[in-house]
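Residue strings, one per chain:
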Amino acid sequence: MKWFAANARDLPWRRDHSAYRVWVSEIMCQQTQVATVLPYFERFLEAYPTIANLAAADEAELMRMWEGLGYYRRARSLHAAAQKIVAEHDGNFPTSFDDVLALPGIGRYTAGAILSISRNEAFPILEGNTQRVFSRWIGLNVPPTERESQARLWEFSELMLPRRSADDRTRGPAGFNQAAMELGALVCSPRNPKCDECPVASLCHANLFGLQDEIPGKISKVQYESRTEIAAVFRVDDKVLVRTLPKGVRFAGMVDFPREGPPVASDLAGMESWLAVQLGVEVQLGMKLKTIKHAVTRYRMTLQVHAAHLGVGQMDAGEAAASTVASSIALPEGWQWATLDELEAMPMSVTGRKIVGLLKDAQPSLFG
DNA sequence: AATACGGGGAC
DNA sequence: GTCCCAGTATT
């Protein structure tokens, strides 16, 4: 049985499997397809070639690097973990399982993955791919997310793990764990698995009994939620009004246009009231610039992007008047006027970035 | 045990 | 539209 034959892709963290590189790759790959990660990984390692570089990274620059990958807590945890490694491990990635597990953003899967892939040590793994591969292999007819299934799958993952000398990476734990995941990604796919190409087809319960479509059972039970939000674009001279989100909230440390949904802004009037409170002046929402549809995690968002104007009647009062009002406002903590060029260097949500793109092409006359 | 995570790809 | 992705932290 040649597991390692499934280990076919040329991935950058295989060419050089230092613990740091494998760690970064594993964090990026959490809930993210490998192909999506590749360009981010190369850029990231170029910007932060060592753990010390990462620990010393500017937080905003780090978030900008992560922009578009989603699950942004991963980036904050990565940063915090790098600082912890510098403080507690002299800048060297820890080698004991417990020390690795104690790092923020690292759970049982990631700790095992890093130590097995980087050091070829015999730690089992279990993630999306191997849950499916092993479930089919052993004919587990209980959904893999159940507590009992998890226990059996971890047990099987450990049972199958080859114990080889540490210099035999291809046939050792490093090769096996990566091959098992790759088998799930390329062959043992959720739908229409390619059993005729599978190296373990002759041993696989699901294949032998034709249960590929029943195993694993449906995992998804997400309730999608439609949500409409309003974004306000104040554009005065060559600048727009944005805010940096504070710690502890969604998009913490990232920059966004003023944006709210229900219950704060259930309609344009609600948004105007909220903005007026924030800025201490009357606000009028004007022309709708764009409707952005954005599906993310369990949300199906419709974002109404409106031009916005400071002060009553300023829509028709001309640019000089708007500029005067803008400069008289005491902005709340975290809010600022920024040019579109300046925004290029700041971390934004995907929808925020789309609004920037919109404004680059927009006619300034839309903003009076 | 259930939920949040505010991104994206494949079908 | 739906499901899933080299999961973890929080409640």
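Residues numbered from 1 in each chain as written. Chains lettered and ligands numbered in written order. Predicted model: local features only at pLDDT ≥ 70, side-chain atom pairs only at ≥ 80, totals over all residues. Heavy atoms only, no water.

Chemist: What should I look at first to understand the overall build of chain A in this one?
Modeler: When helices and strands are tallied, chain A shows 16 helices and seven strands. C-alpha extents for chain A along the principal axes are approximately 80 × 50 × 35 Å. Considering chain A as a whole, with its 368 residues, one finds that 49% of them fall into the buried category. When contacts within chain A are restricted to residue pairs at least 6 apart in sequence, those whose partners lie at least 24 apart make up 62%. As presented, chain A carries roughly 18,200 Å² of accessible surface, and 51% of it is formed by carbon and sulfur atoms. Distance between charge centres in chain A, computed from 40 positive and 42 negative side chains, equals 6 Å. (Helix = DSSP H or I, 4+ residues; strand = E, 2+ residues; numbered from the N terminus. Buried < 20%, exposed > 50% of the residue type's maximum accessible area, 1.4 Å probe, protein only. Contact = heavy atoms within 4.5 Å. Areas by Shrake-Rupley, 256 points an atom, 1.4 Å probe, with all protein chains shown as cover. Lys, Arg positive; Asp, Glu negative; His and termini not counted. Charge placed at Lys NZ, Arg CZ, Asp CG, Glu CD.)

Chemist: What should I look at first to understand the packing of aromatic side chains in this one?
Modeler: Aromatic ring pairs are reported here in terms of the distance separating the ring centres and the angle at which the planes meet. Tallied over the full model, the rule gives 10 aromatic pairs. On the numbers, 6.3 Å between centres and 50 degrees between planes, the contact of Phe134 with Trp137 is tilted. Placement of the pair is Phe134 and Trp137 together in helix 9 (residues 128–138), with a separation of three residues, close to one helical turn. The two residues Phe134 and Trp137 agree in class, both being buried. Here the aromatic cluster, defined as three or more aromatic residues joined through ring pairs, consists of Tyr20, Trp23 and Phe93. One residue, Arg108, lies across the ring of Trp154, its end atom 3.6 Å from the ring centre. (Phe/Tyr/Trp six-rings, centres within 6.5 Å; stacked < 30°, edge-to-face > 60°. Lys NZ or Arg CZ within 6 Å of the ring centre and 35° of its normal.)

Chemist: Explanation requested: the state of the cysteines in the structure shown.
Modeler: Tallied over the full model, the rule gives zero disulfides. Not engaged in a disulfide, the cysteine Cys188 finds its nearest cysteine sulfur in Cys198; these two sulfurs lie 6.3 Å apart. Classification of Cys188 as buried rests on a relative accessible area of 10%. You can see Cys204 has no disulfide; the closest cysteine sulfur is in Cys195, sitting 6.3 Å from it. (Disulfide = S-S within 2.5 Å.)

Chemist: In this structure, what is going on with the protein's contact with DNA strand B? I would like to understand it.
Modeler: Not every one of the 21 residues close to DNA strand B is listed here, only the nearest: Gly68, Tyr71, Arg250, His294 and Met301. For DNA strand B, the backbone makes up 57% of the atoms found within 4 Å of the protein, where backbone means sugar plus phosphate. One of the backbone N or O atoms of Gln31 is found 3.2 Å from a base nitrogen in DNA strand B. Taking His294, its side chain carries an N or O atom lying 2.6 Å from a phosphate oxygen of DNA strand B. Mapped onto the surface near DNA strand B, the elements with two or more residues apiece are strand 1 (225–236), strand 5 (283–296) and strand 6 (299–310). (Near = heavy atom within 4 Å. Polar contact = N/O pair within 3.5 Å; in protein donor to acceptor, adjacent residues only side chain to side chain.)

Chemist: Would you explain the pairing of strand 1 in this entry?
Modeler: In regular strands, side chains alternate between the two faces of the sheet. In the sheet, strand 1 pairs with strand 6 via 10 bridges, with the strands oriented parallel. Each residue of the ladder has a partner; that of Glu225, found in strand 6, is Tyr299. Where strand 1 and strand 4 (residues 259–260) come together, two bridges link them in antiparallel fashion. Paired with Ile230 across the bridge in strand 4 is Glu260. Bridging between strand 1 and strand 2 (residues 239–244) involves two bridges; their strand directions are antiparallel. The residue of strand 2 that forms the bridge with Arg235 is Val240. (Pairing = 2+ DSSP bridges.)

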